[in-house]
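Observations on chain architecture
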Amino acid sequence: MAFILGIESSCDETAAAVVEDGRRVASSVVSSQTDVHGKYGGVVPELASREHLRAIVPVVREAMEQASVTWDNLAAVAVTAGPGLVGSLLVGITYAKAIASVRRLPLIGVNHIEGHIHAVLMEARGQVEFPALALVASGGHTHLFSVTGSLEYGLLGKTRDDAAGEAYDKVAKLLGFGYPGGPVLDQLAPFGDASALPLPLARMKGNALDFSFSGLKTAMLRWVESQDMQAEINARRDFLRAHPRPTLDEWLALTPVPARNAIAAFQRVVIEELLRRVEAVIADQDFRCVVISGGVACNRGLRSAAGRLPVPAFFPTPGLSTDNAAMIAAAAFPKLARGELSDLTLRAKANLTLA
Ligand code: KG4
Ligand code: ZN
């Protein structure tokens, strides 16, 4: 029985979790900063570091209490080493080092993207067959990897500009829906007619498995400029200032048909961009299943569209799709077994790569 304490602070969530043997989530605590960053329409790095400093001690304490474990029960401390915001990563890494050194525990640095993949491997354990194709789509990343049974990763494609979640966040900001944009646009998309607005799919030169979302974002901007809708956008922004968490009905009341159609069309193109690359790889290479993770994996449209894939697609439960520390502890378990440990020289790496 090996309990690993995981710590995650790479972006705007301070998270700690205790996971047993890489598979049973004994606790998973996430303190989100969306209320802090919401009014700026995106994450402000300096504010994020400050909020992590505030949250890290109580969040770790809560994770330990909820799991009913003591420091003596832990087999290791795992922490996200990158990629992410350096100032944010440093808070988690410094705290993990302090625990590891005082308690004489092994320290394990984990790649955040590998963590996202492990959110699925942990939950769908026994069902995921290898080689698997992994799509990680979040606010910071949009990557396609091959994954072997011995957990070796091969990079097949990645975004050349915005990440898929970043595209959601920027389009939501443009339309006056606040941050984060994915959840609200996903909720509104079924209320529009996606065919009402023709939006372009990206044409890639070079690696056709790379992604690009900047053309789509610009097309949305041009569409907004072509409409007389500034008053409508301002009404949503004003409403959001007075009511930080509008309900779906409130958003619908503030969103006329043309905007609903544009949201539906935007969501359809994002899903197409993601799934047609997955389909292209599967047609060409022998993958037994697809593992889809990262914040965008919460997307209901994507989850239902993935049913068209010719191999099984596995998603994490929504709470483990967005940033969390259970995925970090789960990813650390095989490293502990293999003796792949870090030491107190572990550094935050903004651009840490997985493959
Ligand atoms: O994995 P995550 O929590 O953080 C990063 O590693 O970036 O992902 C957050 C991103 C945000 O961009 C958010 O808008 C997006 O995931 N997201 C969604 C949905 N829920 C969260 N995007 C589309 N549909 C959703 N339902
Ligand atoms: Zn993430």
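Provided above is the structure to which this section pertains.
The rules behind the values
Residues numbered from 1 in each chain as written. Chains lettered and ligands numbered in written order. Predicted model: local features only at pLDDT ≥ 70, side-chain atom pairs only at ≥ 80, totals over all residues. Heavy atoms only, no water. Core = buried A, V, L, I, M, F, W, Y, C linked by side-chain atoms within 4.5 Å. Buried < 20%, exposed > 50% of the residue type's maximum accessible area, 1.4 Å probe, protein only. Helix = DSSP H or I, 4+ residues; strand = E, 2+ residues; numbered from the N terminus. Contact = heavy atoms within 4.5 Å. Donors = N, O, S within 2.8 Å, 3.2 Å for Na, K, Ca; no water. Tetrahedral: all angles 85-135°; square planar, octahedral: opposite > 155°, others 65-115°. Pairing = 2+ DSSP bridges. Axes fitted to C-alpha atoms, helices over the stretch in contact; angles between N-to-C directions. Disulfide = S-S within 2.5 Å. Near = heavy atom within 4 Å. Polar contact = N/O pair within 3.5 Å; in protein donor to acceptor, adjacent residues only side chain to side chain. Areas by Shrake-Rupley, 256 points an atom, 1.4 Å probe, with all protein chains shown as cover. Nonpolar A, V, L, I, M, F, W, Y, C, P; charged D, E, K, R; others polar. Domains from an automatic or database assignment.

**What to know about the nonpolar core**
Ranked by size, the top nonpolar core spans 56 residues in total, and within it Leu133, Leu175, Phe177, Leu199, Phe266 and Leu274 carry the most contacts. Sorting elements by how many residues they give to this core places helix H10 (residues 257-284) first, with 13 residues. In contact with Phe266, not counting residues within four places along its chain, are Ala167, Tyr168, Val171, Leu185, Leu199, Leu216 and Met220. Ile7, Ala16, Ala26 and Leu105 belong to the second largest nonpolar core, which has 29 residues in total.

**A closer look at the coordination of the zinc ion (ligand 2)**
His112 (NE2), His116 (NE2) and Asp323 (OD) make up the full set of protein donors to the zinc ion (ligand 2), lying at 2.0 to 2.1 Å. Bound by 4 donor atoms, the zinc ion (ligand 2) shows angles of 95 to 142° at the metal and therefore irregular coordination geometry. Each donor residue of the zinc ion (ligand 2) belongs to the same chain, with the gaps between them written as H-x3-H-x206-D. Of the two residues, His112 sits in helix H4 (residues 112-123) while Asp323 sits in the loop between helix H12 (318-321) and helix H13 (326-338), which places them 211 residues apart along the sequence. Residues His112 and Asp323 agree in their burial class; the two are buried.

**Concerning the sheet that holds strand E4 (residues 74-82)**
Ordered by their spatial adjacency, 5 strands build an open sheet running E3-E2-E1-E4-E5, and the pairing between neighbours is mixed. The sheet is open, and its two borders are formed by strand E3 (24-32) and strand E5 (107-111), each paired with just one other strand. For this sheet, the mean inter-axis angle between neighbouring strands, taken without regard to orientation, is 20°. Judged from the 6 bridges that link them, strand E1 (residues 3-8) and strand E2 (residues 13-20) form a sheet pairing that is antiparallel. Within E2, the position partnered with Glu8 by the bridge is Ala15. Against the sheet, helix H2 (residues 45-67) touches E1, E2, E3 and E4, its axis set at about 20° to E2.

**Topic: the sheet that holds strand E6 (residues 132-137)**
In spatial order, the strands read E8-E7-E6-E9-E10; together these 5 strands make up an open sheet with mixed pairing. Across the chains shown, the open sheet's two edge strands, defined by having one partner strand only, are strand E8 (153-158) and strand E10 (313-314). Together, E6, strand E7 (142-147), E8, strand E9 (289-293) and E10 form the strand contacts of H4, whose direction differs from that of E9 by roughly 120°.

**Focus on unusual backbone geometry**
The omega torsion across Gly82 and Pro83 is -10°, close enough to zero to call that bond cis. Relative to the elements of secondary structure, Pro83 occurs in the loop between E4 and helix H3 (86-103). Here Phe130 and Pro131 are connected by a cis peptide whose omega angle stands at 0°. On the secondary structure map, Pro131 appears in the loop between H4 and E6. Despite not being glycine, Asp21 shows a phi value in the positive range, around 50°. Of note, Asp21 is situated in the loop between E2 and E3. One non-glycine residue, Arg104, lies in the positive phi region at around 55°. Here Arg104 shows up in the loop between H3 and E5. For Arg104, a relative accessible area of 75% translates into the label exposed.

**A look at the state of the cysteines**
What the rule picks out here adds up to 0 disulfides. Summary of cysteine pairing: Cys11 is not part of a disulfide, and the nearest cysteine sulfur, belonging to Cys298, is at 14 Å.

**Some points on the site of ligand 1**
Around ligand 1, 21 residues are found, and the nearest of them are Gly139, Asp169, Asp186, Asn299 and Asp323. The separation between an oxygen atom of ligand 1 and a polar main-chain atom of Gly182 is 3.0 Å. In the environment of ligand 1, a nitrogen atom lies 2.9 Å from a nitrogen or oxygen atom belonging to the side chain of Asn299. Out of a free accessible area of 560 Å², ligand 1 has 92% covered by protein chains. Of all the elements in the fold, those that place two or more residues in the shell around ligand 1 are H4, helix H5 (164-175) and helix H6 (181-188). Sorting elements by how many residues they give to the shell around ligand 1 places H6 first, with 4 residues. Across the shell around ligand 1, the residue classes break down as 5 nonpolar, 13 polar and 3 charged. Both domains that furnish three or more residues to the shell around ligand 1 are identified here as domain 1 (3-117 + 320-338) and domain 2 (131-311).

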